[in-house]
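Listed below, chain by chain, are the residues.
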Amino acid sequence: MFFTGLLLVIFAIAIAWATFVENDYGTLTAKILIYNSWWFEVLLLVIIVNLTGSIFVNKLISKKKWTMFLFHVAFAVIIIGAALTRYYGFEGSMHIREGGASNSIISESTFINTTVSAEGQSVASEKEIKFSGYTANRYSEKIEVAGKSVKIENLQFMPSALETIVKDVYGEPLVALMAFSNNGQRIDFSLNNKKIKVIAGVSLGFENTGFNPDINISENNGEIFMIASDSVTITDMVSNESETFAPGLPIHLTGRSIFGVSGISLIFKQYYPNGRIQLSFMPQDEENFHYDAFLARITVGNESSDIVVSGLKGLVGEPQ
């Protein structure tokens, strides 16, 4: 009985702690730190073993102790039911417009989906994760394909993230850009020579020779140029005058103009000969909406590259 009481006191303290954490830092943080933690599951397991054992040790299976028997069994049933929901249940949302139909659900849980392809072979991986702005957010995965090992790890997670670049003498050449899609959504991003960014169906690359993007950006003596597969309309921010150029022409990028191409608007921010990507928190407001994001390092052999992967709970993410 003493051990039972001790377990219930620990359980009550844990639940109280979870309530305060949830109130101050959100439900997800409370799940990561308490509700879905291994020690909390072990605590519940020990409680149910102890309650079940008490039924036999104290010989509660009798008419005289029927009330106490039900009390112990009730606790066991609740915990077993919670365990079934925890490990075998599925929660999600289905969006159905009036007069429409749907046969798919967006899961309540969040996942990192990875596809690695090499030499005609392809390996897919799906891993459930829980990232919060107040926890360690550890994630690492190694995938073998065609005799090669690909390692993916999380360097930084940031809710409501803004992608920025900081100077780093050990960094790599990076171009910082801003894009606006047709729906007015603002996207701040960066490009290196190993990365392709797709915005509203338009692919962008920097010094990219291995892939032919719709917009290829290059550097020449510290100046930045772009060549697009579609016509480009340049609008001066000061005079508001516009000029259109044919596809395939090198166009000098400056911070004083807006470059309209293939349904998106680009603004050049800065070129960094040596820089690294960093995620910063940006509060949401009526004009700007920011996805959550994590900075992933992809390593193959002795080569590695960092990419920003954006997403949001309740939405299907875009592949990067």
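Residues numbered from 1 in each chain as written. Predicted model: local features only at pLDDT ≥ 70, side-chain atom pairs only at ≥ 80, totals over all residues. Heavy atoms only, no water.

1. Let's talk about a nonpolar patch on the surface
Inclusion rule: Patch membership requires more than 30% relative accessible area and the absence of a salt bridge. Residues of like charge join within 9 Å; the nonpolar side chains Val, Leu, Ile, Met, Phe, Trp and Tyr join within 5 Å. Here the Shrake-Rupley method, with its probe set to 1.4 Å, supplies the accessible areas, and only the displayed protein chains count as covering residues. What makes a salt bridge here is a side-chain nitrogen of Lys or Arg within 4 Å of a carboxyl oxygen of Asp or Glu, nothing more. Secondary structure elements follow DSSP: runs of H or I no shorter than four residues count as helices, runs of E no shorter than two count as strands, and numbering proceeds from the N terminus. For each residue, the accessible area found with a 1.4 Å probe, counting protein chains only, is set against the maximum for its type, and the residue is called buried under 20%, exposed over 50%, and partly exposed in between.
Judged by side-chain polarity, Phe2, Phe3, Leu6, Ile10, Trp38, Val42 and Val46 come together as a nonpolar surface patch covering roughly 730 Å² of accessible area. Listing elements by their share of the nonpolar patch, those giving two or more residues are helix H1 (2-25) and helix H3 (38-57). Residue class for Phe3 comes out partly exposed when judged on its relative accessible area of 41%.

2. A few points about the nonpolar core
Short version of the rule: We define a nonpolar core as any set of buried Ala, Val, Leu, Ile, Met, Phe, Trp, Tyr and Cys residues linked to one another through side-chain atoms lying within 4.5 Å. Only heavy atoms matter for contacts: two residues are in contact if any of them lie within 4.5 Å across the pair.
Grouped together as the largest cluster of nonpolar side chains are 24 residues, with contacts concentrated most on Phe189, Ile215, Ile217, Met226, Val232, Phe259 and Leu266. Looking at this core, the elements that each hand over two or more residues are strand E7 (161-180), strand E8 (186-191), strand E10 (202-206), strand E11 (215-220), strand E12 (223-228), strand E13 (232-236), strand E16 (257-261) and strand E17 (264-281). A per-element tally of this core places E17 first, with four residues. Ile217 has contacts with Leu177, Leu191, Gly205, Phe206, Glu207, Ile224, Phe225, Met226 and Leu253, leaving out every residue within four places of it along the chain.

3. Describing unusual backbone geometry
Positive phi values are uncommon outside glycine, yet Ala146 reaches one of about 50 degrees. As for its position among the elements, Ala146 is in the loop between strand E5 (140-145) and strand E6 (148-158). The residue Ser262 is not glycine, and still its phi comes out positive at about 55 degrees. Following the sequence through the fold, Ser262 ends up in the loop between E16 and E17.

4. Some thoughts on the sheet that holds strand E19 (residues 303-311)
Just so we agree on the cut-off: By the convention used here, strands pair only if DSSP detects at least 2 bridges between them. As a rule, the C-alpha atoms of each element are fitted with a line to give its axis, helices using only the stretch in contact, and angles between N-to-C directions run from 0 to 180 degrees.
An order of E5-E6-E18-E19 is seen for the four strands of this open sheet, with the pairing classed as antiparallel. At either margin of the open sheet sits one strand with a lone partner, and together these are E5 and E19. Each strand axis lies, on average, 25 degrees off the axis of its neighbour in the sheet, ignoring direction.

5. Things to note about H1
The condition is simple: An expected span of 1.5 Å times one less than the residue number is assigned to each helix.
For H1, which comprises 24 residues, the first-to-last C-alpha distance of 34 Å matches the rise-based estimate of 34 Å (1.5 Å per residue) to within 8%. Along H1, the residues that are buried comprise Thr4, Leu7, Ala14, Ala18 and Val21. At its buried positions, H1 is contacted by helix H2 (27-35) and H3.

6. Comments concerning H2
Here is the rule: In this description, one arc is meant: the one made by directions from the helix axis to the C-beta atoms.
Those residues of H2 that fall on the buried side of the exposure criterion are Thr29, Ala30 and Ile34. Taken end-on, H2 shows its buried residues confined to a sector of 95 degrees, consistent with a single buried face. Next to the buried residues of H2 lie H1 and H3.

7. Observations concerning the packing of H1 against H2
Our working rule: Angle categories: roughly parallel below 35 degrees, roughly antiparallel above 145, roughly perpendicular from 65 to 115, and oblique for all the rest. The sense of a crossing depends on the near helix, which, turned anticlockwise from the far helix by less than a right angle, makes the crossing left-handed and, turned clockwise, makes it right-handed. Gly falls in the polar group here, along with every residue not listed as nonpolar (Ala, Val, Leu, Ile, Met, Phe, Trp, Tyr, Cys, Pro) or charged (Asp, Glu, Lys, Arg).
Direction vectors running N to C along H1 and H2 enclose 150 degrees, while the axes themselves pass 7 Å from each other. Considering the angle they form, H1 stands roughly antiparallel to H2. Of the two possible hands of crossing, H1 and H2 adopt the one that is right-handed. Together, Ala14, Ile15, Trp17, Ala18, Thr19, Val21, Glu22 and Tyr25 of H1 and Thr27, Thr29, Ala30, Leu33, Ile34 and Tyr35 of H2 make up the contact between the two elements. Among the residues forming the contact of H1 with H2, the class breakdown is 10 nonpolar, three polar and one charged.

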